[in-house]
Amino acid sequence: MLPEAFPDPDAPLPERCELLVVGTGAAGMAAALRAEACGLHPILVDKAPVWGGSTAVSGGAIWVPDNPLMRRAGMADDRAAARAYLQSEAGNLFNAELVDAFLSQGPEAIAFFNDETELTLSHRPVSPDYHSDRYGAAEGGRALDAHDFDGRKLGPMLARMKPPIEDFTILGGLTLGRPDIYHFLRMTRSAVSARYAAGRILRYGIDRLGHGRNTRLVMGAAVAARLASSAFARGIPMHLGQELVALERNASGRVTGAQLRCGGVIRRITASHGVVLAAGGFPHDAARRARTFDHVRRGLPHYSMSPASGTGGAIAAAEAIGAAFVESNSNAAFWTPVSLLKNRDGSTRPFPHLFLDRAKPGVIAVGHDGQRFVNEAVSYHDFVQALIGKLLDGGQRSAWLVCDHRALRRYGLGAVPAFPGRIAPHLASGYLKRGATLAELAGNCGIDPAALSQTIERFNRDAASGTDSEFGKGTTSYQRYLGDPECKPNPCLRPLVGPLYAVEIFPGDIGTSMGLEIDAQGRVKDREGQPIEGLFACGNDINSIMSGAYPGAGITLGPALTFGYIVGNSAAELPAA
């Protein structure tokens, strides 16, 4: 459905509305769409000049056990087993109230968005949960992806959508989805893949000529675009460049509106059914990060992949009226290792090592002492937990991913592309280190050469047999899923031979996990554990229902959509102030 008129994101803020939703990522738009379906007239606001939040630049996976898409395809899931899996992940931090709400209403939410909005989805038949060897984990079905979306349907609002991160694109702006990555990595070895890649490049060229950018939106951009297109079609206003300054309450303590800053001017807006906070957490709140990230407090560097607008303002506004912020999670954020690319002005920007390189054969991770410290094929979240431990124990600020020439050209390493992409610019910038011999690479990276030699000798001996005796790389279905199926007998193991390459890595994140405490209705709780009437939250502004764990692909967007749906229902049920 196309809208009769697109919203004016720069229009003056109205004086009143029924529901004010702060944030235009998946959680905020989900809350607005569900509230509108229940009869309310919400408005969306965002601090940034663009919409989409971290959703628009994410991988776009949506994790919901026992969802209707997998059931319709004939796949079965056991909610009790999923609950047991989440409980084993969270341990004594398990939040039964919120997990049960997620498991019971998540499938209902997915049915609503898939069937009644433009957020059409498909399930991944094979996509193992991250700890696939634990009871209750699934081999597939729980992770969902949005169908690709034609950005031209967004009209003028396409130009105001958060653009892709340039480093995640090729040819100056072509974003690759999951099927694209498969074919582009194989295009020099498969005629089918070569034709597929050529078709994508041709479409991109036409888009650049006609629209100045790629209009085929994939992964997280497709999630954001489909939700936004649904919001525009339903006439939900969207106001950008509006920063939440404070929440307002009436004499009884109910939240009845907010103060928003735009261009230095603060305006008040009343909201008869309350305010929803979905502003993306606090990844760029330096003070809160220093307090809640133990490794930052202890002096280690840290780099976030989240949008710079995520400074925690919504959380701070809620705290100012007595809301509770949870700091007890096992991890304060969802971690990912990052490497650093140089900007033209000499500053740096992070690049995440999520799933394309670490699990592949011919790749290992070592500290400056030359020792491996982790199973390289574990999830990015688990990898960084081991990385932080290594750095704190060894007094170092970074580690290295090391690979041989074959692995580099076949899979790439970080921002260094696979063949036929060029590696020379990355060598010239110093991002990629090279050594014709092991000793030369060690010298270029500041790695202990003798220890590195022993590490690679031991690793190669294991790799030749297909068994990693030190860390077990490639021992679970999740790890093998990320390896190279053409590598036998272990898709994650192959000896490193010939010239070696390395990229320096640091701790980073893709979003924060600590946040506001809510109940099963999405109502924000105060410090005494009581709900604050008229104040709701979802997305990364709430404390993650995973309690700092990372069970599988999509465990941020799955709960974001679910609790956005729950919040929309709750706000509609609240009598008008």
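Look a little higher up for the structure.
Residues numbered from 1 in each chain as written. Predicted model: local features only at pLDDT ≥ 70, side-chain atom pairs only at ≥ 80, totals over all residues. Heavy atoms only, no water.

Student: Please set out the overall build of the chain residue by residue, giving values where relevant.
Tutor: Scanning the chain for helices and strands turns up 17 helices and 24 strands. Principal axes of the C-alpha set define a box for the chain whose edges measure 70 × 55 × 55 Å. Considering the chain as a whole, with its 577 residues, one finds that 59% of them fall into the buried category. Contacts in the chain between residues at least 24 apart in sequence constitute 73% of all its contacts with a sequence separation of at least 6. As displayed, the chain has an accessible area near 21600 Å², and 52% of this comes from carbon and sulfur atoms. (Helix = DSSP H or I, 4+ residues; strand = E, 2+ residues; numbered from the N terminus. Buried < 20%, exposed > 50% of the residue type's maximum accessible area, 1.4 Å probe, protein only. Contact = heavy atoms within 4.5 Å. Areas by Shrake-Rupley, 256 points an atom, 1.4 Å probe, with all protein chains shown as cover.)

Student: An account of the side chain of T117 is needed here, citing residue identities and associated values.
Tutor: Secondary-structure assignment places T117 in the loop between α4 (96-116) and β5 (121-123). Separated by 2.6 Å, the side chain of T117 and the backbone oxygen of F113 make a polar contact. Not counting residues up to four positions away in its chain, the partners in contact with T117 are F112, S230 and R234. (Polar contact = N/O pair within 3.5 Å; in protein donor to acceptor, adjacent residues only side chain to side chain.)

Student: Account for the nonpolar core, naming residues and giving values.
Tutor: If you look at the biggest cluster of nonpolar residues, it comprises 145 residues, and the most contacted ones within it are L20, W51, F113, M161, L247, L277 and L535. Residues contacting L277, with those up to four places away along its chain left out, are V22, L244, L247, A314, A318, L516, L535, F536, A537, C538 and D541. Core analysis: the next-biggest nonpolar cluster, separate from the first, contains 16 residues, I364, V366, A463 and L500 among them. (Core = buried A, V, L, I, M, F, W, Y, C linked by side-chain atoms within 4.5 Å.)

Student: Describe unusual backbone geometry, listing the residues and the values that go with them.
Tutor: Here the amide bond leading from F419 into P420 is cis, since omega sits at 15°, within 30 degrees of zero. In this fold, P420 is placed in the loop between α12 (405-411) and α13 (424-429). At the junction of K488 and P489, the peptide bond is cis and its omega measures out at 0° in the coordinates. One can find P489 in the loop between α16 (477-482) and β22 (500-512). Positive phi is not limited to glycine here, since S547 has a value of about 60°. Residue position: S547 is located in the loop between β24 (531-537) and α17 (557-573). Exposure remark for S547: the relative accessible area of 4% places this residue in the buried category.

Student: Describe the sheet that holds strand β14 (residues 265-271), and please don't skip the residues or the numbers.
Tutor: Judged by pairing direction, the sheet is mixed, and its four strands sit side by side in the order β1-β14-β13-β12 without closing on themselves. Strands with a single pairing partner mark the edges of an open sheet, and in this sheet they are β1 (16-17) and β12 (243-249). Here six bridges tie β12 to strand β13 (residues 255-262), and the two strands are oriented antiparallel to one another. Across the sheet, the residue bridging to R249 is V255, located in β13. (Pairing = 2+ DSSP bridges.)

Student: Could you give me a rundown of the packing of helix α1 (residues 26-37) against helix α7 (residues 219-233), with the residues and numbers involved?
Tutor: The angle between the axes and the distance between the axes are what describe a pair of packed helices. Closest axis-to-axis distance for the α1/α7 pair is 10 Å, and the angle between their directions is 30°. The angle between α1 and α7 places the two elements in the roughly parallel class. Remark: the crossing between α1 and α7 carries left-handed chirality. Of the residues in α7, those touching α1 at A26, M29 and L33 are V223, A224, L227, A228, S230 and A231. (Axes fitted to C-alpha atoms, helices over the stretch in contact; angles between N-to-C directions. Parallel < 35°, antiparallel > 145°, perpendicular 65-115°, else oblique. Left-handed = near helix turned anticlockwise from the far one by under 90°.)

Student: An account of helix α11 (residues 380-394) is requested, with residue identities and associated values reported.
Tutor: Over its 15 residues, α11 extends 21 Å from the first C-alpha to the last, a length consistent with the 21 Å expected when each residue adds 1.5 Å. Along α11, the positions that sit buried rather than exposed are Y380, H381, D382, F383, V384, L387, I388, K390 and L391. Contact partners of the buried residues in α11: α9 (294-297), β17 (333-342), β19 (363-366), β20 (399-404) and β22. Directly beyond the C-terminal end of α11, a positive phi value near 70° is found at G395. (Expected span 1.5 Å × (residues − 1).)

Student: Outline the packing of aromatic side chains, supporting the account with residue identities and numerical values.
Tutor: Throughout the structure, instances matching the rule amount to 16 aromatic pairs. Taking the centre distance of 5.6 Å and the plane angle of 25° together, the rings of Y130 and Y550 count as stacked. On the criterion of sequence distance, the pair formed by Y130 in the loop between β5 and β6 (143-146) and Y550 in the loop between β24 and α17 is long-range, its members being 420 residues apart. Members of the aromatic cluster, joined through ring pairs, are Y130, F334, Y380, Y478 and Y550. One cation-aromatic arrangement involves R288 over F282; the distance from NZ or CZ to the ring centre is 5.8 Å. For the cation-ring pair, R288 lies above F325, with the distance from its terminal atom to the ring centre recorded as 4.5 Å. (Phe/Tyr/Trp six-rings, centres within 6.5 Å; stacked < 30°, edge-to-face > 60°. Lys NZ or Arg CZ within 6 Å of the ring centre and 35° of its normal.)

Student: Give me the lowdown on the pattern of salt bridges, citing residues and values where you can.
Tutor: If you walk through the whole model with that rule in mind, you get 31 salt bridges. The shortest N-O distance in the salt bridge between K390 and D369 comes to 2.6 Å. Of this pair, K390 sits in helix α11 while D369 is found in the loop between β19 and α11, placing the two residues 21 residues apart along the sequence. Overall, D369 belongs to the partly exposed group, its relative accessible area being 34%. Between D484 and R410 there is a salt bridge, with the nearest N and O atoms lying 3.6 Å from each other. Taken together, the positions of D484 in the loop between α16 and β22 and R410 in helix α12 put the pair 74 residues apart, joining distant regions of the chain. For the pair formed by D484 and R410, the shared burial category is buried. (Salt bridge = Lys/Arg side-chain N within 4 Å of Asp/Glu carboxyl O.)

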